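# Coordinates in review
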Amino acid sequence: MAAHRSGLSLVCILFFSSLAHPSNCDTLEKANDNKAEKLSISEVNTNGGVAGEDLNERQWLSTDVEVDKSDGSKNSETLTPAPAKDQFQEELVIRPLHSGDIYASFQFRTLWDTDFLREGQKVSHYRLFPKSLGQVLSKFSVRELHISFTQGFWRTMQWGQPFIPSPPGAELWVWFHDTVSDVDGNWKELTNVLSGIFCASLNFIDLTNTVQPSASFKPLGLGNATDHRFLRYATLPREIVCTENLTPWKKLLPCGSKAGLAVLLKSEKLFHSSFHSQAVHIRPVCQDERCTSKAWELRQTLNVVFDLYTSGQGKKEWSLFKMFSRTLTEACPLASSSKVYVDITDNPEGELFELSPATPLLSQAVVLGDRRTYSVFDLSRAETFGQLRSLNLLLRWKGDSGDMLRPLLHAERYVAGFGLQTGEIHTVIYNNHPYRAFPVLLMDSVPWYLQLYIHTLTVTSKSRDNKPSYIQYQPAKDRHRPHLLEMLIQLPPHSMTEVTVQFERALLKWTEYTPDPNHGFYVGSSVVSALVPSMVAMSTNFTQDQPLFSSFVPVKEESSYFVRVYTEPLLVNLPTPDFSMPYNVICLTCTVVAVGYGSFYNLLTRTFQVDEPSPPLSKRLANLIRRMRGVPLLA
């Protein structure tokens, strides 16, 4: 009987152990299946015969399967891999400029198919999307967020148009959801939170430098909102960009600065340049043509222009190591696409510069109304790095780059006048198209201490008056809100349009001046938005496999493309009191107190004694002689 019980217990133990631990054959079959999936993915990468979306989907599916199979639970055999919840792409575009400088643009894109604004949905799991930004979106009901930090000024006439423009200093504009009741309160709290996230001075944004544009800043994502009450726009033109702003920006990347293209982001090289701009753009986008599924897009961009002379180079020769002091060794493991593009449009036969190593992969894209050709280096392929397992692109110029084609739209601004009472703001807009006229939308935000005289506003084109077809003006309130001026102006072909307005400088309180008031006060850049006629047909199919740098702004018409141009910020001097007078008053007061109080205190505390007058010299000599002779002294 005991033997029967022991045998029964042994059978039960073996049965449950077989359920808890799969057999070696099952484990071997799973490993072989996993290996086969990996081999199929590598074959797709090598052959390149599958579309980019299918490749990304297979990669994410393989990752989920590996995670599920690594789990030792007994139900792992029946689980099916869930579709990927987020995707990550990274790109670097290198464009040689005609001035001999070189322009490098980094694009990092994270897609997450979730909806923060859906009622009753709480997001608590974050994989690639940064949790700090996700909590900001859900807490403050943000529909779109665009923030940029820029050091330097983009020289359009020398470098052409950038992929994503930004003004000098800090710029922030946000679209809130229409369910927000207190937009100003959310805006104030949002700026304070973003100030802590990016280690910037965004907490200085308040109602005195915040405006609500009615037409200039439309949503770039889903929806065509027209209620500008939920839009806030502000700039800090004096904001200084430094390493403390770059470090939190890099931490938002899935791989940080440890792998992928982010290893090139070395602060001492990036800030030793002519132009540097980093930005974060968050918006809802569609995942397919019919927009049946939506996703949140986080796009981090970094643009930098390296100058030939400030870099200390004596010849026109650039490489990744000379620009960033590092080379590329691998792609980000979490990235579904990691590529480097080099613009060779002006170098079809290699007569302008030599690019090494050479690559057989070429790509064409319509960027800013022009068809460009790029050499593509796919970091997901092992042959890209060669035997040294390192990619160091080298561009060596052979001859003169020639003259650059003038951009079709350009703008600049300056202050005229003399004295410290009145002045005049001049905004000049250039239409360099030889035969096409097109409208532009000009937005100006002027601080309240520059009191504009709108009756002096004039718009002239080719020495003739050019009446704007739309004008929206919101006057300023002292110490409460700035001026806001928006105009729709028709630019004649091949013309220069000048917009002038006079202003008067206000007197500030002595507590409202900056620590260096004689340096002047900054006025933010003007914003010029326009649909510029395109030289080639633009593609309106947003689902097409396009590079990131050519798919940021949605294209709705084949004959034109959207361009936003920022002018220079203004530096205006205000009537400034002599702040050295308090120092002089303190010195004079201390001197008077020291002399007066010292004399009075001396008179009160001094003791007086009566001194007898000394005898004459003859009497003193006589007493001396008498003392020697022992005779009594004279009285």
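Worth saying up front: this structure is predicted, and the values here are computed from it rather than measured.

## Overview of the overall build of the protein chain
Counting secondary structure elements, the protein chain contains eleven helices and 26 strands. For the protein chain, the proportion of its 635 residues judged to be buried stands at 45%. Here the protein chain displays about 33,700 Å² of accessible surface, and carbon together with sulfur accounts for 55% of that area.

## Quick notes on the sheet that holds strand β22 (residues 495–505)
Spatial strand order, β15-β16-β22-β18-β19: five strands in an open sheet with antiparallel pairing. What marks the edges here is a single partner per strand, and that holds for β15 (409–416) and β19 (464–465). Inspection of the sheet shows strand β16 (residues 422–431) paired to β22 by ten bridges, in the antiparallel sense. If you follow tyrosine 430 over to β22, its bridge partner there is methionine 496.

## Points about a nonpolar patch on the surface
Taken together, the side chains of Leu617, Leu621, Leu624 and Met628 present a nonpolar region at the surface, about 440 Å² in accessible area. The residue leucine 624 is located in helix α11 (residues 617–629) in this model. When its relative accessible area of 41% is taken as the criterion, leucine 624 is described as partly exposed.

## Overview of the sheet that holds strand β6 (residues 231–236)
Adjacent strands of a sheet form backbone hydrogen bonds with each other and so pair up, either parallel or antiparallel. Across the sheet, eleven strands lie side by side as β5-β6-β4-β3-β7-β8-β2-β1-β10-β13-β12; this open sheet has mixed pairing. A strand with exactly one partner marks an edge of an open sheet, and here the two such strands are β5 (210–211) and β12 (362–367). Looking at chain direction, strand β1 (residues 86–96) and strand β2 (residues 102–112) are connected through eleven bridges and run antiparallel. The partner of isoleucine 94 across the bridge, within β2, is alanine 104. Across the sheet, helix α7 (residues 243–251) is in contact with β2, β7 (275–286) and β8 (294–306); its angle to β7 comes to roughly 30°.

## Considerations on the confidence of the model for the protein chain
Scored by pLDDT, the protein chain has a mean of 81; 82% of the residues are at 70 or more. In the model, residues 1–84 has pLDDT below 50 throughout and makes 53 contacts with residues more than four positions away in sequence or in other chains.

## Details of the environment of lysine 339
Within the secondary structure, lysine 339 is located in strand β10 (residues 337–343). Separated by 78 residues in the primary sequence, lysine 339 and leucine 261 have C-alpha atoms spaced 8.7 Å apart. Those residues in contact with lysine 339 that lie beyond four places of it in its chain are Glu90, Glu91, Leu92, Leu261, Val376, Phe377 and Asp378.

## Re unusual backbone geometry
Each neighbour pair has its own omega, and for serine 356 with proline 357 the value is -5°, a cis peptide bond. Within the element layout of this structure, proline 357 appears in the loop between β11 (353–356) and β12. A positive phi is found at serine 141, a non-glycine position, where the angle reads about 55°. Its identity as a non-glycine residue notwithstanding, lysine 462 has a phi of 55°, on the positive side.

## A look at the pairing of β7
Most of β7 sits out of view: twelve of its twelve residues are buried. Residues Phe275, Ser277, Ala279, His281, Arg283 and Val285 point to one face of β7 and His276, Gln278, Val280, Ile282, Pro284 and Cys286 to the other, with burial holding for every one of them. Pairing geometry for strand β3 (residues 142–151) and β7, over seven bridges, is antiparallel. What sits directly across from phenylalanine 149, in β7, is glutamine 278. Bridge analysis of β7 against β8 gives twelve bridges, and the strand direction is antiparallel. When the bridges of β8 are listed, serine 277 appears paired with asparagine 303.

## Notes on the state of the cysteines
One pass over the structure, following the stated rule, counts one disulfide. Across the disulfide, cysteine 255 is cross-linked to cysteine 332 (sulfur-sulfur distance 1.8 Å). In this structure, the disulfide formed by cysteine 255 and cysteine 332 twists by about 70° around the S-S bond and is classed as right-handed. Of the two residues, cysteine 255 sits in the loop between α7 and α8 (267–270) while cysteine 332 sits in the loop between α9 (320–324) and β10, which places them 77 residues apart along the sequence. Owing to a relative accessible area of 16%, cysteine 255 belongs among the buried residues under this scheme. Under the relative-accessibility criterion, cysteine 332 is labelled buried at 4%. Here cysteine 242 stays free of any disulfide, with the sulfur of cysteine 199 as its closest cysteine sulfur at 9.4 Å. Residue cysteine 590 stays outside any disulfide, its sulfur separated by 6.8 Å from that of cysteine 587, the closest cysteine.

Calculation notes
- Residues numbered from 1 in each chain as written.
- Predicted model: local features only at pLDDT ≥ 70, side-chain atom pairs only at ≥ 80, totals over all residues.
- Heavy atoms only, no water.
- Helix = DSSP H or I, 4+ residues; strand = E, 2+ residues; numbered from the N terminus.
- Buried < 20%, exposed > 50% of the residue type's maximum accessible area, 1.4 Å probe, protein only.
- Areas by Shrake-Rupley, 256 points an atom, 1.4 Å probe, with all protein chains shown as cover.
- Pairing = 2+ DSSP bridges.
- Patch = residues over 30% accessible without salt bridge, like charges linked within 9 Å, V, L, I, M, F, W, Y side chains within 5 Å.
- Salt bridge = Lys/Arg side-chain N within 4 Å of Asp/Glu carboxyl O.
- Contact = heavy atoms within 4.5 Å.
- Axes fitted to C-alpha atoms, helices over the stretch in contact; angles between N-to-C directions.
- pLDDT = per-residue confidence, 0-100.
- Disulfide = S-S within 2.5 Å.

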